[in-house]
Structure formats: C-alpha cells, structure tokens
Amino acid sequence: MSWIESIQKAINFMEDHLLENITIEQIAQEVNSSVFHFQRTFAILTDMSIADYLRRRRLTLAAQELMDTDQKIIDLAYKYGYETPEAFTKAFRKQHYVTPSEARKKQGPLQSYNRLVIQVSLKGAEPMKYKIVEKDKFQVVGVKRTYNCQDGENTREIPLFWQEINESAFDHHLYQLNNGNINGVLGVCVPNTSQGQQGFIDYWIATNHEGDVGEDLLTMEVPASKWVVFEVHGPMPDAMQNTWKQIYSEWFPSNPYEPAGTAELEVYPEEDAYSPDSYSEIWIPIK
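Analysis parameters
Residues numbered from 1 in each chain as written. Predicted model: local features only at pLDDT ≥ 70, side-chain atom pairs only at ≥ 80, totals over all residues. Heavy atoms only, no water. 1 Å grid on protein atoms, 1.4 Å probe; cavity = no way out; pocket = protein on both sides within 12 Å on 5 of 7 lines; lining within 4 Å. Points joined across faces, edges and corners; volume = space filled by probe spheres on them. Helix = DSSP H or I, 4+ residues; strand = E, 2+ residues; numbered from the N terminus. Nonpolar A, V, L, I, M, F, W, Y, C, P; charged D, E, K, R; others polar. Domains from an automatic or database assignment. Expected span 1.5 Å × (residues − 1). Buried < 20%, exposed > 50% of the residue type's maximum accessible area, 1.4 Å probe, protein only. Pairing = 2+ DSSP bridges. UniProt positions renumbered as here; feature names shortened; annotations may be inferred. Contact = heavy atoms within 4.5 Å. Axes fitted to C-alpha atoms, helices over the stretch in contact; angles between N-to-C directions. Parallel < 35°, antiparallel > 145°, perpendicular 65-115°, else oblique. Phe/Tyr/Trp six-rings, centres within 6.5 Å; stacked < 30°, edge-to-face > 60°. Buried area = accessible area lost by both parts, 1.4 Å probe. Salt bridge = Lys/Arg side-chain N within 4 Å of Asp/Glu carboxyl O.

## Some points on the layout of surface pockets
Here's step 1: Its boundaries defined by the atoms lining it, the largest pocket holds a volume of some 1,000 Å³.
Here's step 2: The set of elements that each furnish at least two residues to the lining of the largest pocket consists of helix H3 (35-46), helix H8 (153-167), helix H9 (170-177), strand S3 (185-192), strand S4 (200-208), helix H10 (238-254) and strand S7 (264-268).
Here's step 3: It is H8 that provides the largest number of residues to the lining of the largest pocket, a total of 7 residues.
Here's step 4: Of the residues contributing to the lining of the largest pocket, the split by class is 19 nonpolar, 9 polar and 11 charged.
Here's step 5: Shared between two domains, the lining of the largest pocket takes at least three residues from each, and those domains are domain 1 (3-105) and domain 2 (130-285).

In structure tokens:
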C-alpha cells in the first residue's frame, strides 16, 4: 500500500465508523502507522486535527438529518455522540451558527464539511531544495512541554510556547549555548509514550549543545539517523507551514522514503526568523 493510499484508507475507516467512539489508536492501526506519524501527517495535510474532522463530519450529518427527518433533537444528540442535548446544541451552534431547533425551521445557512478525499500535487512547479545527510547521535538542551495531539492541543499551544520563549528572550540564551554541529535554535517534536496512551508529543525549544548545562535546562539525546533536510525561505510562521505541507503533499509521495517516526526538527539559524529574507530548515529522519 502506498503512502497516499494509507491516508485515504484511514479517512475511509473514519467515515465508516463516524457513529462509533473510535480512537486515534484504532485509526492509525488500521493503516499500520504510528499514532505520532499519522496524526502529524493528517494535521499537516488538512490543517485540522483528527478530532476536529470527526466532530465536523458528525455535525454535518446531524444537520442533514435535522432538515430531512422528524427525529427528536435529543435522539440525534445521542446518535452523534453527545451525552446531553445541551452539549449537542452548544457544539451545533459553534459549527453552524444556529441552534438545532433553528436549523430544523430552516432559519439560516448551515456549514457543511464534506468527506475528505486526499489529492496529491506532483507538479513540481516550485522546486524544493533539500539534501540527504547521515548524522551520529547528538544532544539537545532546552525546555519542553507535552501536548495531546488527538484534540489539536499541539496546534493551538505550540505557537504560544514560542511566543513565551521569544518574549522572555530565552531564545537568545539558547543561541549563546549553541556549540554543536546544528546551528541555531531548534523546535523538536518527539513522540511521548509515557502518558499511558498514544497521541501525545513532547515539544522542545532547544539547541544542539555538547557538554554540561545548568539545572534549569533539560537534555535529550537524538539518535543517529539518516535525515532529509529541506531549506525554508521567508518569514515565519507562513514559510515554515507552507514547506511542511509541500513536503507531505509533494515530496514524500514522489520519493522512495518514509518518515522514520522519531524526533523531527525545525532549525532556526538566524535570530530574526520573521525577516522576509529569513532562512531556516526542516529536518526529518527517514527510512
């Protein structure tokens, strides 16, 4: 099964089980993928979490039933996974901007989220500059936080983490500590399996440093790997987000590699990452 076929198979599985309490572990297992890799790929390609997709699709179908049938609202609430009519009404209003009762009376338009079909662009109109490197294990030092990826917490909270680091000038401290072979401050995304379930990541803001550090910093060893390193040109955050999407929608489907599922790096060699001429990199371990 090809990489893109796996993603589409997972979407089909979600659609076939929309009315069940399926988990991200079950979805990833269906396509023999790690939770870390699947949720990350899905979010990059669709700009939403798996939980967001399931919720939007369920509320889309619930709205259609409200319009086409005379089923009681309380029955639809339970059918689409809500424990109370109040919780259903709150979620329904957030998506459709009207209550279920108003939707039944056709008072206002509804927001429909259609079933996803993954389409991959292989045009190659915009060239991607990259290199393949093999690197021995190395140490990073910095600070980390743990996020739940199943509900999109990582997408919401990581930018706030960076904002906090930048406002405190802690990133400047990391640039001063940088004495390793990877130049700059790093955003490091690593699967976390210590929570008793899958679907969590550790996100580090760190730097490559060899030697001891103070007690206020944590350390992690990144294992030896083969890496694909992509150039990113332009100001943050748009340039970085656009390159991630291009990697997963164009580069991986066009090349014989797969992500290894270990630590992934965003590398910021320059302190002014918001400059129009800013240069940064994405490092992905491959197999």
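That was the structure; now back to the text.
## Digging into empty space enclosed by the protein
Here's step 1: According to the stated counting rule, one finds 1 cavity of 30 Å³ or more in the structure shown.
Here's step 2: Taken together, the elements giving at least two residues each to the lining of the largest cavity come down to H3 and H8.
Here's step 3: Of the residues assigned to the lining of the largest cavity, the class counts are 4 nonpolar, 5 polar and no charged.
Here's step 4: Of the domains in this structure, domain 1 (3-105) and domain 2 (130-285) are the two that each give at least three residues to the lining of the largest cavity.

## A look at H3
Here's step 1: Taking 1.5 Å per residue, 12 residues should reach 16 Å; H3 reaches 16 Å between its end C-alpha atoms and fits that length.
Here's step 2: With 11 of 12 residues buried, H3 is to be regarded as a mostly interior element.
Here's step 3: Val-35, Phe-36, His-37, Phe-38, Gln-39, Arg-40, Thr-41, Phe-42, Ile-44, Leu-45 and Thr-46 are the residues of H3 that are buried.
Here's step 4: At the exit of H3 stands Asp-47, carrying a positive phi of roughly 60°.

## Observations regarding the pairing of strand S2 (residues 138-148)
Here's step 1: Where S2 and strand S5 (residues 218-222) come together, 5 bridges link them in antiparallel fashion. Among the inter-strand pairings, Val-141 is bridged to a residue of S5, identified as Thr-219.
Here's step 2: Here 9 bridges tie S2 to S4, and the two strands are oriented antiparallel to one another. Bridge assignment links Thr-146 to a residue of S4, and that residue is Asp-202.

## Examining the UniProt feature "domain: HTH araC/xylS-type" (unreviewed entry) in the chain
Here's step 1: Taken from the UniProt record, the annotation "domain: HTH araC/xylS-type" (unreviewed entry) applies to residues 8-106.
Here's step 2: In residues 8-106, the share of helix is 72% and the share of strand is 0%. The end C-alpha atoms are 34 Å apart.

## Structural notes on the environment of Arg-40
Here's step 1: Within the fold, Arg-40 resides in helix H3.
Here's step 2: Along the backbone, Arg-40 and Gly-261 are 221 residues apart, and their C-alpha atoms lie at a distance of 9.9 Å.
Here's step 3: Apart from the residues lying within four places of it in its own chain, the contact partners of Arg-40 are Cys-189, Trp-244 and Glu-264.

## A word on the environment of Ile-284
Here's step 1: In this structure, Ile-284 sits in strand S8 (residues 279-286).
Here's step 2: Along the chain, Ile-284 and Leu-265 lie 19 residues apart, while their C-alpha atoms are 6.6 Å from each other.

## Focus on the packing of helix H4 (residues 50-68) against helix H6 (residues 85-96)
Here's step 1: At their nearest, the axes of H4 and H6 sit 10 Å apart, and the two run at 95° to each other. Accordingly, the angle class assigned to the pair H4 and H6 is roughly perpendicular. Between H4 and H6, the contacting residues are Arg-55, Arg-56, Leu-59, Thr-60, Ala-62, Ala-63 and Leu-66 on the first element and Phe-88, Ala-91, Phe-92, Gln-95 and His-96 on the second.
Here's step 2: By residue class, the composition of the contact of H4 with H6 is 7 nonpolar, 3 polar and 2 charged.

## Details of unusual backbone geometry
Here's step 1: Note that the residue after Met-236, namely Pro-237, is joined by a cis bond; omega there is 0°.
Here's step 2: Its location among the elements puts Pro-237 in the loop between strand S6 (225-233) and H10.

## Looking at the packing of aromatic side chains
Here's step 1: Enumeration over the complete set of coordinates arrives at 15 aromatic pairs.
Here's step 2: With a centroid separation of 5.9 Å and 40° between ring planes, the pair formed by Tyr-130 and Phe-230 is classed as tilted. Separated by 100 residues along the polypeptide, Tyr-130 in strand S1 (residues 130-135) and Phe-230 in strand S6 bring together distant segments of the chain.
Here's step 3: Ring centres of Phe-161 and Tyr-203 lie 6.4 Å apart, and the angle between their planes is 70°; on these two criteria the pair is classed as edge-to-face.

## Re the sheet that holds S6
Here's step 1: If you trace the 8 strands from one edge of the open sheet to the other, you get S1-S6-S8-S7-S3-S4-S2-S5, paired in antiparallel fashion. In this open sheet, the two strands that pair with only one neighbour each are S1 and S5. Strand-to-strand twist across the sheet, computed as the mean angle between neighbouring axes with direction ignored, equals 30°.
Here's step 2: Strand contacts of H3: S3, S4 and S7, with the helix running at about 125° to S3, the strand carrying the most contacts.
Here's step 3: Along the sheet, H8 makes contact with S2, S3, S4 and S7, crossing S2 at roughly 130°.

## Topic: the domain arrangement of the chain
Many descriptions give the size of an interface as the accessible area lost when the pieces come together.
Here's step 1: Split into domains, the chain comes out as domain 1 (3-105) and domain 2 (130-285).
Here's step 2: Each of domain 1 and domain 2 has a C-alpha centre, and these two points are 31 Å apart.
Here's step 3: In this assembly, 14 residues from domain 1 lie in contact with 21 residues from domain 2.
Here's step 4: Overall, the association of domain 1 and domain 2 removes approximately 1,600 Å² of surface from exposure, summing both partners, and the carbon and sulfur fraction of that is 65%.
Here's step 5: Seen at the junction of domain 1 and domain 2, the total is 2 salt bridges.
Here's step 6: With a shortest N-O distance of 2.5 Å, Lys-245 and Asp-47 are connected by a salt bridge.
Here's step 7: Within the residue set of the side of domain 1 that touches domain 2, elements represented by two or more residues are helix H2 (24-30) and H3.
Here's step 8: When residues in the side of domain 1 that touches domain 2 are grouped by element, the largest group, 8 residues, is from H3.
Here's step 9: In the side of domain 1 that touches domain 2, the residues fall into 7 nonpolar, 4 polar and 3 charged.

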